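For reference, the chains in residue letters:
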Amino acid sequence: MYDIIVIGGGPAGLTAAIYARRAARSVLVLEALVCGGQIINTPDIENYPVEAHLAGYDFATRVEAQARGLGAEIVFERAVEVHDEGGVKVVVTEKGRYEGRAVILAVGSRNRKLGLPEEDELVGRGVSYCATCDGAFYRKKTVAVVGGGNTALEDALYLADLVDKVFLVHRRDAFRAEEATVARLREKPNVEFVLNAVPVRLVAEQNLLAIEVKDVKDGSVRTLEVSGLFVAVGRTPETAAFRDLVALDAAGCVVAGEDCHTSAPGVFVAGDCRVKPLRQLVTATADGAMAATEAVKFVQSAAP
Ligand code: NAP
């Protein structure tokens, strides 16, 4: 029996583990793949306090080491269910079953798709959801990035230094991305903004050859000859397995305020899978601290 089981080993989950260990609670972190979450795909973190430049992978490695160093146990298994058995939280994974007094959901989110025919089949043959993972395959080629958020614009910036040309395709002419990032991208001579446009067709033989984009204002269709398409249209919370456990909003985010309490007693939430207006590294780690602090209080109050 652990005091606290953290589901998810991204920045929110690992920070929760650090805080819970510093409160002398036994902690198990369950991580489905590798620790670090989506930040491992960020080449350069510029907006986290203290260091002006830090690779996401290095950040993740250091936080994981910090959590382990403080005594958190990390097990690489995907949690598929959480239920309550007489006040004990039972977390079922693909391989086993763990018991805890409190649970913190820090499961993050996964890439949203465009939903175009052949999108899945072309992954690895032109379609990618990770510029830093796959960008090097497109050196000296032409690629498109779809999206208008920070991820899309940062991906386009990264790719502009690697490839011949980048089309930035966005369905509006205003961006969710930070102004500074948009301004930096506008300065790149090999980036063409294709605005008010959405991809409607992927043209491929063995590999991707082109994408067709439709102007949302006049309906005209333009073909962009690209060998790579980087889809960066946001993320969907990984909460489907917990829909019977806690209240979710329409987008699938766990409903909780700043105190990270969910609708289920003893179940807390942290990071990108929580309802919140700003999803950043700094807000994920802040959530981890808050969720752990509240979970510790819950465990103390429930102690016989
Ligand atoms: P996001 O901010 O939700 O942006 C998604 C973008 O994709 C939006 O521009 C959206 O258009 C567009 N989009 C959504 N569905 C689409 C579709 N079906 N077809 C075409 N376009 C579509 O997602 P994100 O960029 O992945 O960022 C997620 C969170 O992480 C954000 O809070 C972001 O600020 C944060 N983040 C921060 C950093 C950083 O600070 N360095 C880096 C990366 C991400 P509309 O604008 O028209 O809705």
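Residues numbered from 1 in each chain as written. Predicted model: local features only at pLDDT ≥ 70, side-chain atom pairs only at ≥ 80, totals over all residues. Heavy atoms only, no water.

Quick look at the site of the ligand now. Every one of the 19 residues lining the ligand counts as a neighbour, but Asn 47, Asn 150, Glu 154, Arg 172 and Arg 176 are closest to it. Arg 171 has a polar side-chain atom sitting 3.0 Å from an oxygen atom of the ligand. Here an oxygen atom of the ligand sits 2.9 Å away from a polar atom, N or O, in the side chain of Gln 280. Against a free-state accessible area of 920 Å², the protein chains account for coverage of 80% of the ligand. The element best represented in the shell around the ligand is helix H4 (residues 150–160), accounting for three residues. (Near = heavy atom within 4 Å. Polar contact = N/O pair within 3.5 Å; in protein donor to acceptor, adjacent residues only side chain to side chain. Areas by Shrake-Rupley, 256 points an atom, 1.4 Å probe, with all protein chains shown as cover. Helix = DSSP H or I, 4+ residues; strand = E, 2+ residues; numbered from the N terminus.)

Attention shifts here to the domain arrangement of the chain. Domain boundaries in the chain define domain 1 (2–110 + 235–302) and domain 2 (127–231). Measuring from the centre of the C-alpha atoms in domain 1 to the corresponding centre in domain 2 gives 32 Å. The interface is formed by six residues belonging to domain 1 together with seven residues belonging to domain 2. Of the roughly 400 Å² buried where domain 1 meets domain 2, counting both sides, 40% is carbon and sulfur surface. If you sort the residues of domain 1 by the area they bury against domain 2, Asn 41, Pro 43 and Glu 46 come out on top, with a joint share of 68%. Remark: the boundary between domain 1 and domain 2 carries one salt bridge. The shortest N-O distance in the salt bridge between Arg 184 and Glu 46 comes to 3.7 Å. Counting the contacts that link domain 1 with domain 2 gives one residue pair in polar contact (both at pLDDT 80 or more). In the side of domain 1 that touches domain 2, the residues fall into one nonpolar, four polar and one charged. (Domains from an automatic or database assignment. Contact = heavy atoms within 4.5 Å. Buried area = accessible area lost by both parts, 1.4 Å probe. Salt bridge = Lys/Arg side-chain N within 4 Å of Asp/Glu carboxyl O. Nonpolar A, V, L, I, M, F, W, Y, C, P; charged D, E, K, R; others polar.)

The next point concerns the packing of helix H1 (residues 11–22) against helix H6 (residues 281–302). The interhelical angle for the contact between H1 and H6, taken along N-to-C directions, is 40 degrees, at an axis separation of 7 Å. By the angle between their directions, the pair H1 and H6 is classed as oblique. Crossing geometry of H1 relative to H6 is assigned as right-handed. Along its contact with H1, which presents Pro 11, Ala 12, Thr 15, Ala 16, Tyr 19 and Ala 20, the element H6 presents Leu 281, Ala 284, Thr 285, Gly 288, Ala 289, Ala 292, Thr 293 and Val 296. For the contact of H1 with H6, a count of residues per class yields ten nonpolar, four polar and no charged. (Axes fitted to C-alpha atoms, helices over the stretch in contact; angles between N-to-C directions. Parallel < 35°, antiparallel > 145°, perpendicular 65-115°, else oblique. Left-handed = near helix turned anticlockwise from the far one by under 90°.)

Where strand E4 (residues 79–85) meets strand E5 (residues 88–93), six bridges bridge the pair, whose relative direction is antiparallel. Bridging across to E5, Glu 85 finds its partner in Val 88. Connecting E4 to the antiparallel partner E5 that follows it, the hairpin turn spans two residues, and Gly 86 within it adopts a positive phi of roughly 60 degrees. (Pairing = 2+ DSSP bridges.)

Positive phi values are uncommon outside glycine, yet Val 50 reaches one of about 95 degrees. Relative to the elements of secondary structure, Val 50 occurs in the loop between strand E2 (27–30) and helix H2 (56–69). Residue classification places Val 50 among the exposed residues on the basis of a relative accessible area of 85%. (Buried < 20%, exposed > 50% of the residue type's maximum accessible area, 1.4 Å probe, protein only.)

Looking now at a positive patch on the surface. The grouping of Arg 112, Arg 171, Arg 172 and Arg 176 at the surface amounts to a positive patch. The residue Arg 176 is located in the loop between strand E10 (165–170) and helix H5 (179–186) in this model. (Patch = residues over 30% accessible without salt bridge, like charges linked within 9 Å, V, L, I, M, F, W, Y side chains within 5 Å. Lys, Arg positive; Asp, Glu negative; His and termini not counted. Charge placed at Lys NZ, Arg CZ, Asp CG, Glu CD.)

Once that is clear, we can look at H5. What H5 keeps buried is the set Thr 181, Val 182 and Leu 185. The buried side chains of H5 occupy one side of the element, clustering within an arc of 100 degrees when seen end-on. Of the exposed residues in H5, the ones pointing more than 90 degrees away from its buried face are Glu 179 and Ala 180. (Arc of directions from axis to C-beta.)

Glancing now at the sheet that holds strand E13 (residues 208–215). Read across the sheet, three strands follow the order E12-E13-E14 without closing on themselves; strand pairing throughout is antiparallel. The open sheet has two edge strands, strand E12 (197–204) and strand E14 (221–225), and neither has a second partner. Going from strand to strand, the sheet's axes swing by 25 degrees on average, the running direction of each strand aside. Judged from the five bridges that link them, E13 and E14 form a sheet pairing that is antiparallel. Each residue of the ladder has a partner; that of Glu 212, found in E14, is Thr 223.

In this section: the side chain of Glu 294. Among the secondary structure elements, Glu 294 is positioned in helix H6. Excluding anything up to four places from it in sequence, Glu 294 contacts Asp 259, His 261 and Phe 268.

A few words now on the environment of Asp 44. Looking at where Asp 44 falls in the secondary structure, it is placed in the loop between E2 and H2. With 13 residues separating them along the chain, Asp 44 and Tyr 57 place their C-alpha atoms 9.3 Å apart. Not counting the four nearest positions on each side in its chain, Asp 44 is found in contact with His 53 and Leu 54. For Asp 44, the side chain forms a polar contact with the main-chain nitrogen of Leu 54, separated by 3.5 Å.

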